[in-house]
Amino acid sequence: MQRLNLETTLARETISERELQEMKALLEAVEAMLQEQDGPGDDFLGWLDWPTTMKPEEIEKIKITAQQLREQSEVFLVIGIGGSYLGARAAIEWLTPPFTPNAKGNPEIIYAGHHLDSDYLFGLMQYLKDKEVTVNVISKSGTTTEPAISFRMVKALMEEKYGRDGAKDRIVVTTDAAKGALKTLADSEGYQTFVIPDDIGGRYSVLTPVGLLPIAVAGIDIESMLQGARDAQTLYNETVITDNPSYQYAAYRNALSRKGKTTEIMVSYDPSYHYMAEWWKQLFGESEGKDGKGIFPASLQLTTDLHSMGQYVQEGLRNLFETVVRTEKPVKDILVPDTGSDDDGLGYLAGKPLSLVNKKAMEGTSMAHTDGGVPVLQITIPEKSPYWAGQLFYFFMKSCAISGYLLGVNPFNQPGVEAYKANMFALLGKPGYEKLKKELESRWQE
């Protein structure tokens, strides 16, 4: 089995080998908490062995349902927010060739329920009217505001287009096994359902039906993705720091944080990686940002953002470090053309693969940022494929759990997200929030 490569050379001027070795005992204690499942949040560790314990019949059900949805759909609508859609969108957009969203009979994948913008939802409703549509609504409770509002609108549209019985066969629900508003609705309407495991939180759920069904509808090989995750489960279980990139990554980021590098920028030179970085930001931000602690996760798309944020990274506040994610070879490569002229000053690049130009831009930028006081970690995978997506997903989830424990927080809860919800409910007049509404309105007037 081949594993990803973590290159730490450009961070070693900041973090010494001695400092890493001093973390060895702490890392071993963290691994023991994970394996013995007796640390904070231990009731949400189902993702640890999910790749090998997921039942084959569940995988087969996903594949069969995905094929049925593909055959019915011009548009497949995924309704969810946060971990209920980010992992699927990340994999789909990273693994789908650009400018070919409907290749090989794949439906167009559209997303809703991830914000409250009326213009977007109005436009979406108009767009769907003349399309053959299927829907996957994903929510543990069914009461999360953003997806619940979107599903209200979409359900009405689907029943208008297809009738109640016809809509029933085009709506698939991914929710709790036994309880919640969405489960109750699915049972009463007769929707097909998939289960969100009780012991896997949303941001760790991409390899469950939450992520796998939309990914399969997009025509991506979920068997290969799960195999990548199974191999990662084995590969990143080694507790020797020097033999385990997952432990090295967690150790380096915590060591850098302790030296004042409190913002991590995930960098990719592949624009299709954008939502992989968004998924990573939720994973680490929601897992570590609590108790007044946490490494702030940000992302940049290079070389694009070198022309906007490059100046800040090079010479701004020195609280940054970078993690670059790259593949060794593109799916397709092209050569810089030889035009017979050098008016643009690019004659020296004629005939060179564009992937080489991109790689050298990455190397030069990484060295410049390091010289400017920004340590750089680099994660390299051989190719962009479902297998490596599965391994990368698992690698980051394992690293996040380790890093959160090293930081001294519970990496599986998210108590802070309830604060804004309570305020929003109160200001909107939800029953039971009358006292808070008065308090907030008086504060606003002040």
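Before reading further, recall that the structure is shown in the block above.
Calculation rules
- Residues numbered from 1 in each chain as written.
- Predicted model: local features only at pLDDT ≥ 70, side-chain atom pairs only at ≥ 80, totals over all residues.
- Heavy atoms only, no water.
- Axes fitted to C-alpha atoms, helices over the stretch in contact; angles between N-to-C directions.
- Helix = DSSP H or I, 4+ residues; strand = E, 2+ residues; numbered from the N terminus.
- Parallel < 35°, antiparallel > 145°, perpendicular 65-115°, else oblique.
- Left-handed = near helix turned anticlockwise from the far one by under 90°.
- Contact = heavy atoms within 4.5 Å.
- Nonpolar A, V, L, I, M, F, W, Y, C, P; charged D, E, K, R; others polar.
- Pairing = 2+ DSSP bridges.
- Right-handed = clockwise from strand over helix to strand, strands pointing away.
- Buried < 20%, exposed > 50% of the residue type's maximum accessible area, 1.4 Å probe, protein only.
- Expected span 1.5 Å × (residues − 1).
- Arc of directions from axis to C-beta.

**Q** Could you give me a rundown of the packing of helix α6 (residues 118-128) against helix α7 (residues 145-168), with the residues and numbers involved?
**A** As a packed pair, α6 and α7 sit with axes 11 Å apart at the nearest point and diverge in direction by 20°. Considering their axes alone, α6 and α7 lie roughly parallel with respect to each other. Two packed elements cross with a definite hand, and for α6 against α7 that hand is right-handed. Contacts between α6 and α7 involve L121, M125 and L128 from the former and S150, M153, V154, L157 and K161 from the latter. When the residues that make up the contact of α6 with α7 are grouped by side-chain class, the tally is six nonpolar, one polar and one charged.

**Q** So what's going on with the packing of helix α2 (residues 24-36) against helix α15 (residues 386-407)? Which residues, and what values?
**A** Packing of α2 against α15 brings their axes to within 10 Å, and their N-to-C directions diverge by 120°. As α2 runs across α15, the sense of the crossing is right-handed. Here L26, L27, V30, E31, M33, L34 and Q35 of α2 lie close against α15, whose contacting residues are K398, A401, I402, Y405 and L406. Taken together, the residues of the contact of α2 with α15 break down into nine nonpolar, one polar and two charged.

**Q** Explain the pairing of strand β6 (residues 192-195) residue by residue, including any values.
**A** On a regular strand, one side chain projects to one face of the sheet and the next to the other, so that they alternate. Note that strand β5 (residues 171-175) and β6 share four bridges and pair parallel. Paired with V172 across the bridge in β6 is Q192. Handedness of the β-α-β unit built from β5, helix α8 (residues 181-189) and β6 comes out right-handed.

**Q** Break down the environment of A167 for me, citing the residues and quoting the values.
**A** Residue placement: A167 occurs in helix α7. On the basis of relative accessibility, which here comes to 0%, the residue A167 falls in the buried class. Once the C-alpha coordinates of A167 and V133 are considered, the two residues, 34 residues apart in sequence, prove to be 9.4 Å apart.

**Q** Can you explain the sheet that holds β5? Please cite residues and give values.
**A** In space, the five strands of this open sheet follow the order β3-β2-β4-β5-β6, with parallel pairing throughout. Sheet topology places β3 (108-112) and β6 at the edges, where each strand pairs with a single neighbour. Ignoring strand direction, the axes of neighbouring strands in this sheet form an average angle of 20°. Across five bridges, strand β2 (residues 75-79) lies against β3 in parallel orientation. For I79, the partnering residue across the bridge sits in β3 and is A112.

**Q** With reference to specific residues and values, describe helix α14 (residues 354-371).
**A** For α14, with 18 residues, the first-to-last C-alpha span of 26 Å sits near the 26 Å given by 1.5 Å per residue. Among all positions in α14, only M362, T365, S366, H369 and T370 are buried. Down the axis of α14, the buried side of the element spans an arc of 130°, and every buried residue falls inside it. Those residues of α14 that are buried lie in contact with α13 (310-315), β9 (320-327) and β10 (376-381).

**Q** Account for the sheet that holds strand β7 (residues 263-268), naming residues and giving values.
**A** Pairing is mixed across the open sheet formed by five strands, whose spatial order is β1-β10-β9-β7-β8. The open sheet has two edge strands, β1 (5-7) and β8 (296-301), and neither has a second partner. Each adjacent strand pair in this sheet contributes to an overall mean axis angle of 20°, direction not counted. Summarising the sheet, β1 and β10 pair through three bridges and their orientation is antiparallel. Looking across to β10, one finds that E7 is bridged to Q378. Most of the contacts of α15 go to β10, to which it runs at about 145°, and overall it touches β7, β9 and β10.

**Q** Could you give an account of the environment of G39, with specific residues and numbers?
**A** Locating G39 in the fold gives a position in the loop between α2 and α3 (50-53). G39 sits 371 residues away from N410 along the chain, and the two C-alpha atoms are 8.2 Å apart. The contacts of G39, once residues within four sequence positions are left out, are M33 and Y405.

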